[in-house]
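# Coordinate analysis (summary)
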Amino acid sequence: MAGATLPGVTHHRAEVNGTTLHYVATGTGGPPILLVHGFPETWWTFHRLIPLLAVHHRVFAVDLRGFGDSGNGPGAYDSATAAEDLHQLIAHLGAGPVHLTGQDISGATVFRLAATHPEDVLSLTGIEMGLPGFGLEALADVTRGGAWHIGVLAAPGIPELLLTGREREFLGRHAFPSMTATPDAFTETDIEEFARTYARPDGWRGAIGLYRSMLSEGAEIQSLAQQPGLKAPVLAVGAGGGPFTADTMSRAASAEIRSVQLDGVGHYAAMEAPEALAKALLEFIGSVGAA
């Protein structure tokens with residue numbers, strides 16, 4: 001089954017860091033924006049946001065290794081590897097530095113990129129995003145309201161055992177409805193597009209890698225926050241998670257951060273409130289450019 005498409009958005013593949021990254025591109029002018037999805041998502045989570053940003057910017061949205069239509073063969077799937085993928089992708093695009101936007105479990109990946117390759121990053125926006133070492137691990141503690149799927153994904157062999165062949169049901173009946181506050185934010189077409197790629201052979205490999213990484217890399221992320229530190233301007237966008245992103249980034253970033261709260265919106269801000277999210281992003285990026 002072919003992947004979903006958008007008018008004016010082109011699909012590309014880049015050979016980087018021993019894998020193949022699928023990404024989409026649109027827009028012809030303005031500073032570039034690179035959008036990085038979380039779980040259980042792909043680039044498609046931004047499909048309503050991309051046209052709004054592309055009016056004034058070049059926009060790229062990538063499938064991380066192991067996700068979407070990117071490569072998912074044997075290899076490393078931790079956040080350090082994913083960050084190096086993005087570093088090489090930005091060089092491949094010849095578009096850097098970029099306004100980097102990450103959400104959810106891609107937090108450690110985009111944080112690593114921004115901290116270790118500041119030449120790649122004009123700004124960092126975190127959407128519903130936490131960091132290992134700064135409280136994200138608590139979300140795996142089901143005794144305190146944490147998410148059971150984190151332990152499932154991190155346990156060797158268990159995701160394949162429980163989720164293979166049930167991708168559509170897991171996404172459509174649990175993952176998206178349980179963290180969405182906006183009725184009809186996900187259409188049947190959306191769910192089918194997400195399920196299509198998780199249903200590939202080894203389709204959970206990217207998510208497995210990032211969640212295992214998250215549970216073991218807290219001390220390293222804390223160290224990176226100290227040296228070299230995150231010095232790029234930061235926007236923290238909260239939605240269903242409230243101030244979690246802002247609280248995290250205020251402790252992890254070297255500079256003062258800006259924050260926006262999208263009230264009445266669940267976890268999937270780009271799907272639920274693309275106009276409000278685009279407004280926040282464009283205002284922030286504009287202010288960074290003016291400065």
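Residues numbered from 1 in each chain as written. Predicted model: local features only at pLDDT ≥ 70, side-chain atom pairs only at ≥ 80, totals over all residues. Heavy atoms only, no water.

In the annotation of an unreviewed UniProt entry, the chain is listed under the name Alpha/beta hydrolase and assigned to Nonomuraea maheshkhaliensis.

### What about the nonpolar core?
Definition in use: The term nonpolar core refers to a set of buried residues drawn from Ala, Val, Leu, Ile, Met, Phe, Trp, Tyr and Cys, joined through side-chain atoms within 4.5 Å. Each residue is placed in one exposure class: buried if its accessible area under a 1.4 Å probe, protein chains only, is under 20% of its type's maximum, exposed if it is over 50%, and partly exposed if it falls in between. Contacts are assigned to residue pairs that have any heavy atoms within 4.5 Å of one another.
Membership of the largest hydrophobic core comes to 97 residues, with the highest contact counts inside it found for Phe-39, Phe-111 and Met-249. Contact partners of Met-249, with chain neighbours within four places excluded, come to Phe-111, Leu-124, Met-129, Leu-131, Leu-230, Val-234, Ala-236 and Ile-257.

### A look at helix α3 (residues 107–116)
Using the following cut-off: A run of DSSP states H or I qualifies as a helix once it reaches four residues; a run of E qualifies as a strand once it reaches two. Both are numbered from the N-terminal end.
The buried count for α3 comes to 9 of 10 residues, which makes it a mostly enclosed element. Buried within α3 we find Gly-107, Ala-108, Thr-109, Val-110, Phe-111, Arg-112, Leu-113, Ala-114 and Ala-115.

### Comments concerning the sheet that holds strand β4 (residues 59–62)
Applied cut-off: The criterion for strand pairing is that DSSP finds at least two bridges linking the strands in question. Note on geometry: axes are lines fitted to C-alpha atoms, helical ones only across the stretch in contact, with angles between N-to-C directions running from 0 to 180 degrees.
With mixed pairing, the 8 strands of this open sheet are ordered in space as β1-β2-β4-β3-β5-β6-β7-β8. Among the strands making up the open sheet, the edge pair consists of β1 (10–16) and β8 (257–261). Strand-to-strand twist across the sheet, computed as the mean angle between neighbouring axes with direction ignored, equals 20°. On the sheet, helix α10 (residues 244–252) packs against β6 (121–127), β7 (234–238) and β8 and is oriented at approximately 155° with respect to β7.

### Some details on the UniProt feature "domain: AB hydrolase-1" (unreviewed entry) in the chain
Let me state the cut-off plainly: UniProt positions are given in the numbering used here, feature names are shortened, and annotations may be inferred rather than shown by experiment.
The UniProt record marks residues 31–128 with the feature "domain: AB hydrolase-1" (unreviewed entry), using the residue numbering of this structure. Across residues 31–128, helical content stands at 31% and strand content at 21%; the span's end C-alpha atoms are separated by 23 Å.

### Let's talk about the pattern of salt bridges
Defined as follows: Think of a salt bridge as a Lys or Arg side-chain nitrogen and an Asp or Glu carboxyl oxygen that are within 4 Å of each other.
Taken as a whole, this structure holds 11 salt bridges when the rule is applied. Note that Glu-217 is salt-bridged to Arg-112, the shortest N-O span being 2.9 Å. With Glu-217 in the loop between α8 (205–214) and α9 (218–226) and Arg-112 in helix α3, the pair connects residues that are 105 residues apart, well separated along the chain. Across the pair, Arg-112 and Glu-217 agree in class, each one buried. Ionic pairing is found between Glu-193 and Arg-196, a salt bridge with its closest N-O pair at 3.1 Å. One end of the pair is Glu-193 and the other is Arg-196, both in helix α7 (residues 188–198) and 3 residues apart, which spans about a single turn. There is no split in this pair, since Glu-193 and Arg-196 are both buried. If you follow the salt bridges from partner to partner, you end up with Asp-69, Glu-193 and Arg-196 in one network.

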